[in-house]
Amino acid sequence: MNSGFIRRQMRRIMAVSTCVFVVLIFYIQWTNSQVAVDVHDDLDDALGEVKVNLKQSRHGPQYMMALEAPHNDLSETRKNEVLDGHEADKNDLEEAKLKINELQTKLMELEKRLPKQFPVVDFRPFDRKRILVTGGAGFVGSHLVDRLMLAGHEVTVADNFFTGRKRNIEHWLGHENFELIHHDIVRPLYIEVDQIYHLASPASPPHYMFNPVKTIKTNTLGTINVLGLAKRVGARVLIASTSEVYGDPEEHPQSETYWGHVNPIGPRACYDEGKRVAETLSYAYMGQENVSVRVARIFNTYGPRMHMNDGRVVSNFILQALKNETITVYGPGTQTRSFQYVSDLVDGLISLMESNMTKPVNLGNPIERTIKDFAVIIKNLVGGSSEIKLVAAVEDDPQRRRPDISRAKRYLNWEPKVPLEVGLKRTVEYFKNELKRSRHSERNVFQPDNGVPNS
């Protein structure tokens, strides 16, 4: 009878031990955070309670030995099982990560196929124009494209991407009112349009000096092709000229009646004289072929989407300040410039295109600042530990530049509105985001700007 009782008690004890093991196994799998040592301690605690109960029974000494024998074997076996289980969990986790990465890649591919969300544009059922913007993927051109698209017009961009970038206008790709043509305007272009904004040309000294012959061709042959297209389809043309036609001016401020002071064989001549010839061609076509022409003489402009390496004052100073590098001022720093924000320029270009003014019009900010003062403004705005250093002057660098915008005020009712500090903050933020990009796929898309100044 005693042996039968002992067997029954042993079966109960083994059943209790098995339940403890099962509970511990499920607990480990659920938390996935316990190590083998913790499992062994829990097992010892559970079995310890069983041993206490056995010792309190009158038959405890008879089957304590029977319980002790399998205990060590079971504990070691369980340790190995738990360790193997953790190794398997690690492998499963790595496989899960790989699958997640694959799913993310597939999701990105599927998102590209989904209908694209575009900025809301005006609906023009009756007065919508077909507009060509040469150089429309560039800094100024892309902002102009934004404004024309938001106004509900049909816009075609022709760009050879020498300095322009598809990222500047990628938010319009696929829109029913937008078309992008990879085209060099040095070759003729045959399309049907109502208006043409001819902005195709490198505008920063490093870019137009890189290939001076190409710069001259773009501003002469390219302008001839644009004017010839306008003649054929009866379109109005706005030629984007520049304040560089005044050279290193002897008149201050510069009015549209000033003929300029330009070195025809200097390093800037490819751009300066190219734009002067473009103006001459425009008025020759207007006088001989009755082409409707507008000429904008654009002064220094800044804003988001400026090329990182265009070598101009604003981009150079902002990048050097953001990277805590020395801010380099060429020459004595006393030379002056007048900086306008890009949205103000776009307002002026559109106003000029829609006006009856056929004479050249200055579009710029009449507030004049020295280059050194401008460096200090940017340093204070960005912060950091950059120092301002004067270096050797650049050949043929204009010493004074300030537009007389009386004609724009009178005939276009136009003048700059965006304060310098507001425009610089937007530009600095854009360049900060640009510097944060670690690979090409990371986007820094500056959304269309309505041109309304923010305080």
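Worth saying up front: this structure is predicted, and the values here are computed from it rather than measured.

Across its full length, the protein carries 12 helices and 13 strands. By residue count, 46% of the 455 residues in the protein fall in the buried class. At a minimum sequence separation of 6, the contacts of the protein that also span at least 24 residues come to 81%. Surface accessibility of the protein: about 23800 Å² in total, with carbon and sulfur atoms responsible for 53%.

Now for the packing of aromatic side chains. Within the structure shown, the criterion is met by six aromatic pairs. Ring centres of Tyr 246 and Tyr 258 lie 6.0 Å apart, and the angle between their planes is 25°; this geometry places the pair in the stacked category. Here Tyr 246 is found in the loop between β5 (236–242) and α7 (269–289), whereas its partner Tyr 258 is found in the loop between β5 and α7, with 12 residues between them in sequence. Taken individually, Tyr 246 and Tyr 258 each receive the classification buried, so the pair is uniform in this respect. Chaining the aromatic ring pairs together yields one cluster made of Tyr 246, Tyr 258 and Phe 299.

Below, the discussion takes up the confidence of the model for the protein. Averaged over the protein, the pLDDT score is 82; the fraction of residues at 70 or greater is 75%. In the model, residues 32–37 has pLDDT below 50 throughout and makes eight contacts with residues more than four positions away in sequence or in other chains.

Let us look at the pattern of salt bridges. With the rule as written, the count across this model stands at 17 salt bridges. A salt bridge links Arg 305 to Asp 146; its shortest N-O distance comes to 2.9 Å. Of the two residues, Arg 305 sits in the loop between β7 (301–302) and α8 (313–322) while Asp 146 sits in helix α4 (residues 139–150), which places them 159 residues apart along the sequence. On the basis of relative accessibility, which here comes to 3%, the residue Arg 305 falls in the buried class. For Asp 146, a relative accessible area of 1% corresponds to the buried category. Salt-bridge contacts for Asp 347 lead to Arg 147; the nearest nitrogen and oxygen are separated by 2.4 Å. With Asp 347 in helix α9 (residues 342–354) and Arg 147 in helix α4, this pair connects stretches of sequence that are 200 residues apart. A residue is classified by how much of its surface remains accessible, and Arg 147, at 14% relative accessible area, is buried. In the salt-bridge network here, residues are joined through shared partners; they are Arg 165, Arg 167 and Glu 434.

Backbone torsion omega between His 252 and Pro 253 reads -10°, so that peptide bond is classified as cis. Within the secondary structure layout, Pro 253 lies in the loop between β5 and α7. With a phi close to 60°, Phe 161 is a non-glycine residue in the positive phi region. Relative to the elements of secondary structure, Phe 161 occurs in the loop between β2 (154–159) and β3 (178–182). Under the relative-accessibility criterion, Phe 161 is labelled partly exposed at 22%. With a phi close to 55°, Asn 413 is a non-glycine residue in the positive phi region. Within the secondary structure, Asn 413 is located in the loop between α11 (406–412) and α12 (420–436).

Let's shift gears to the nonpolar core. Counting residues in each nonpolar core, the largest one holds 56 residues, and the members touching the most others are Val 145, Tyr 197, Leu 349 and Leu 363. Apart from the residues within four sequence positions on either side, Leu 349 is in contact with Val 140, Tyr 197, Leu 238, Ala 296, Ile 298 and Leu 363.

How two helices sit against one another is set out by the angle between their axes and by the gap between those axes. Their axes nearest at 9 Å, the elements helix α6 (residues 212–233) and α7 cross at an angle of 15°. For the element pair α6 / α7, the angle class is roughly parallel. Relative to α7, the crossing made by α6 is right-handed. Seen from α6, the contacting residues are Pro 212, Thr 215, Ile 216, Asn 219, Thr 220, Thr 223, Ile 224, Leu 227, Gly 228 and Lys 231; seen from α7, they are Cys 270, Tyr 271, Gly 274, Lys 275, Val 277, Ala 278, Leu 281, Ser 282, Tyr 285 and Glu 289.

The residue Thr 134 is located in strand β1 (residues 130–134) in this model. Polar side-chain contacts of Thr 134 include one of 2.8 Å to the side chain of His 198.

The next thing to look at is α6. With 22 residues, α6 should reach 32 Å at 1.5 Å per residue; the first-to-last C-alpha distance of 31 Å fits that figure. Within α6, the axis deviates most sharply at Thr 218, by approximately 30°. Within the span of α6, buried status applies to Thr 215, Thr 218, Asn 219, Thr 220, Gly 222, Thr 223, Asn 225, Val 226, Leu 227, Leu 229 and Ala 230. For α6, the secondary structure elements touched by its buried residues are β1, β4 (195–198), α5 (205–210), β5, α7 and β6 (293–298). Where α6 ends, the next residue or the one after it, Gly 234, has phi of about 75°, a positive value.

Bringing the packing of α8 against helix α10 (residues 371–382) into the picture now. Remark: α8 packs on α10, axes separated minimally by 9 Å, with the N-to-C direction vectors making an angle of 40°. By the criterion of interaxial angle, the relationship of α8 to α10 is oblique. By crossing handedness, the relation of α8 to α10 is classed as right-handed. Residues Val 313, Val 314, Phe 317, Ile 318, Ala 321 and Leu 322 of α8 form the contact with α10, whose own contacting residues are Ile 371, Phe 374, Ala 375, Ile 378 and Val 382. Grouping the constituent residues of the contact of α8 with α10 by class yields 11 nonpolar, no polar and no charged.

To continue, consider α4. The terminal C-alpha atoms of α4 lie 17 Å apart, and with 12 residues this matches the ideal 16 Å at 1.5 Å per residue to within 8%. For α4, a buried count of 11 out of 12 residues is recorded, marking the element as mostly surrounded by other parts of the structure. Along α4, the residues that are buried comprise Phe 139, Val 140, Gly 141, Ser 142, His 143, Leu 144, Val 145, Asp 146, Arg 147, Leu 148 and Met 149. In the segment just after α4, Gly 152 is the residue with positive phi, at about 95°.

On to the sheet that holds β1. Strand pairing in a sheet is mediated by backbone hydrogen bonds. Such pairs are either parallel or antiparallel. Spatial strand order, β3-β2-β1-β4-β5-β6-β11: seven strands in an open sheet with parallel pairing. Edge positions in the sheet fall to β3 and β11 (361–363), since each has one partner strand and no second. Between one strand axis and the next, the sheet turns by 20° as a mean value, whatever way the strands run. Bridging between β5 and β6 involves six bridges; their strand directions are parallel. By the bridge assignment, Val 237 is partnered in β6 with Val 293. Sheet strands in contact with α7 are β5 and β6, and its direction is about 155° off that of β5.

Quick notes on the rules
- Residues numbered from 1 in each chain as written.
- Predicted model: local features only at pLDDT ≥ 70, side-chain atom pairs only at ≥ 80, totals over all residues.
- Heavy atoms only, no water.
- Helix = DSSP H or I, 4+ residues; strand = E, 2+ residues; numbered from the N terminus.
- Buried < 20%, exposed > 50% of the residue type's maximum accessible area, 1.4 Å probe, protein only.
- Contact = heavy atoms within 4.5 Å.
- Areas by Shrake-Rupley, 256 points an atom, 1.4 Å probe, with all protein chains shown as cover.
- Phe/Tyr/Trp six-rings, centres within 6.5 Å; stacked < 30°, edge-to-face > 60°.
- pLDDT = per-residue confidence, 0-100.
- Salt bridge = Lys/Arg side-chain N within 4 Å of Asp/Glu carboxyl O.
- Core = buried A, V, L, I, M, F, W, Y, C linked by side-chain atoms within 4.5 Å.
- Axes fitted to C-alpha atoms, helices over the stretch in contact; angles between N-to-C directions.
- Parallel < 35°, antiparallel > 145°, perpendicular 65-115°, else oblique.
- Left-handed = near helix turned anticlockwise from the far one by under 90°.
- Polar contact = N/O pair within 3.5 Å; in protein donor to acceptor, adjacent residues only side chain to side chain.
- Expected span 1.5 Å × (residues − 1).
- Bend = angle between axes of the 7 residues up to and from the residue.
- Nonpolar A, V, L, I, M, F, W, Y, C, P; charged D, E, K, R; others polar.
- Pairing = 2+ DSSP bridges.

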